[in-house]
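Structural characterization, general
Residue-level listing of the chains:
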Amino acid sequence: MIYLIVSILCSVSVSVLLKISRSKKIDIEQAVAVNYLVAVSLTMAVLKPDLSAWQSYLPTWWLFAALGVLLPSVFVIMGRAVQQAGIVKSDAAQRLSLFLPVAASFLIFNETPSVGRLVGLALAFAALFCLLWKEGGGKKSGGTLSQAALLLGVWAGYGIIDILFKQVAKSGTAFGGNLLVAFILAGVLMFGYLFAKGTKWSAAGILGGLVLGGLNFANIWSYVRAHQVMSENPTIVFAGMNIGVIVLGTLVGALAFREKISTVNMAGIVVAVCSIACLFYWPQLAGLLGL
């Protein structure tokens with residue numbers, strides 16, 4: 001359980017760092033680029049991926065190429081979303097991205113949908129609608145559309161990344177090697193983009209990237225370790241991670257940053273937790289409700 005708690009804390013800490021990046025003059029794009037240098041170094045040192053069979057990665061090159069583009073892009077989008085829409089909505093949108101891989105499992109990969117998953121997906125869609133709701137009837141259309149676009153980008157981006165990682169896992173390559181190749185490609189593309197635009201590097205951006213990379217890798221490593229230690233109960237780890245981040249993110253956003261959450265938005269947070277519970281604990285819930 002300690003690994004799961006660490007993973008939740010690191011995930012929310014990433015959102016906090018992105019939230020304060022503007023006030024600390026941390027350039028998000030620079031931080032994301034440096035983050036991948038740290039991630040590659042820690043992956044090599046901690047996970048020690050076996051690269052002797054590098055030919056095994058060639059058949060899935062297009063998956064790694066897609067991940068190399070999406071990983072830094074979605075990270076930047078997440079940073080913008082946290083700054084504009086806040087930690088509460090952004091973390092919830094990220095966790096609701098599980099809607100896409102679960103939906104893909106039976107829409108694309110021909111798995112048989114269960115009642116629990118259908119109910120969970122319906123609730124996830126309702127929760128996303130509530131999170132994107134802006135009181136005032138959209139009178140401030142510019143800000144409203146910008147926040148909605150960023151939150152949708154977070155939701156869709158992380159969902160697609162999850163699907164791609166599941167496809168890479170099916171190819172038989174090791175998890176450590178998968179992460180290493182994806183991190184290297186993401187780092188190369190991000191640094192190439194920054195050098196092409198003539199970015200002037202700052203100490204704050206580099207330092208922020210070092211911290212971001214450490215938190216990002218610790219989040220991934222502890223989450224994987226939680227699955228290994230609790231291998232007989234993977235649903236507890238998955239559901240606990242998602243619900244934990246949503247709840248802790250809500251508390252941090254509301255208490256530490258005084259983020260304003262409307263009644264509809266708060267209802268979306270509650271529905272999101274119910275959605276995750278239905279996706280992974282439907283039999284128990286159905287029994288309690290007498291269904």
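Up top you'll find the structure we're talking about.
Below you will find a few notes about this structure. (Residues numbered from 1 in each chain as written. Predicted model: local features only at pLDDT ≥ 70, side-chain atom pairs only at ≥ 80, totals over all residues. Heavy atoms only, no water.)

1. Regarding the overall build of the protein chain
Looking only at helices and strands, one finds eleven helices and zero strands in the protein chain. Each helix (α) and strand (β) of the protein chain, taken in turn from the N terminus, gives the series α-α-α-α-α-α-α-α-α-α-α. Computed over its C-alpha atoms, the radius of gyration of the protein chain comes to 19 Å, within 12% of the 19 Å expected for a compact globule of 291 residues. Across its three principal axes, the protein chain shows a C-alpha extent of roughly 55 × 45 × 35 Å. Residue burial in the protein chain is summarised as follows: out of 291 residues, 48% are buried. Long-range contacts, defined here as pairs at least 24 residues apart, represent 86% of the contacts in the protein chain between residues at least 6 apart. (Helix = DSSP H or I, 4+ residues; strand = E, 2+ residues; numbered from the N terminus. Rg over C-alpha atoms; globule rule 2.2 N^0.38 Å. Buried < 20%, exposed > 50% of the residue type's maximum accessible area, 1.4 Å probe, protein only. Contact = heavy atoms within 4.5 Å.)

2. Brief notes about helix 9 (residues 203-229)
Compared with the 39 Å implied by 1.5 Å per residue over 27 residues, the 39 Å span of helix 9 between its first and last C-alpha is a close match. Within helix 9 the residues assigned to the buried category are G205, G208, G209, L212, G213, N216, F217, N219, I220, S222, Y223 and A226. (Expected span 1.5 Å × (residues − 1).)

3. Things to note about the packing of helix 1 (residues 2-20) against helix 9
Closest axis-to-axis distance for the helix 1/helix 9 pair is 8 Å, and the angle between their directions is 155°. The pairing of helix 1 with helix 9 is recorded here as roughly antiparallel in orientation. For the pair helix 1 and helix 9, the crossing hand works out as left-handed. (Axes fitted to C-alpha atoms, helices over the stretch in contact; angles between N-to-C directions. Parallel < 35°, antiparallel > 145°, perpendicular 65-115°, else oblique. Left-handed = near helix turned anticlockwise from the far one by under 90°.)

4. As for helix 3 (residues 61-85)
Look at helix 3: 35 Å from first C-alpha to last across 25 residues, which is about the 36 Å you get at 1.5 Å a residue. In the stretch just after helix 3, G86 is the one whose phi turns positive, near 100°.

5. Re empty space enclosed by the protein
Tallied over the entire structure, the rule returns two cavities of 30 Å³ or more. Its boundaries defined by the atoms lining it, the second largest cavity holds a volume of some 30 Å³. Considering the residues around the second largest cavity, the lining is formed by L17, L18, S21, I26, A31, G208 and L212. Residue classes in the lining of the second largest cavity are distributed as five nonpolar, two polar and no charged. (1 Å grid on protein atoms, 1.4 Å probe; cavity = no way out; pocket = protein on both sides within 12 Å on 5 of 7 lines; lining within 4 Å. Points joined across faces, edges and corners; volume = space filled by probe spheres on them. Nonpolar A, V, L, I, M, F, W, Y, C, P; charged D, E, K, R; others polar.)

6. Brief notes about the packing of aromatic side chains
Within this structure, the stated rule accounts for six aromatic pairs. Taking 5.9 Å as the distance between ring centres and 45° as the angle between the ring planes, the aromatic pair formed by Y36 and F183 counts as tilted. Note that Y36 is positioned in helix 2 (residues 28-47) and F183 in helix 8 (residues 175-196), a separation of 147 residues in sequence. Across the pair, exposure class does not vary: Y36 and F183 are buried alike. One aromatic cluster in this structure is built from F191, F195 and W201. (Phe/Tyr/Trp six-rings, centres within 6.5 Å; stacked < 30°, edge-to-face > 60°.)

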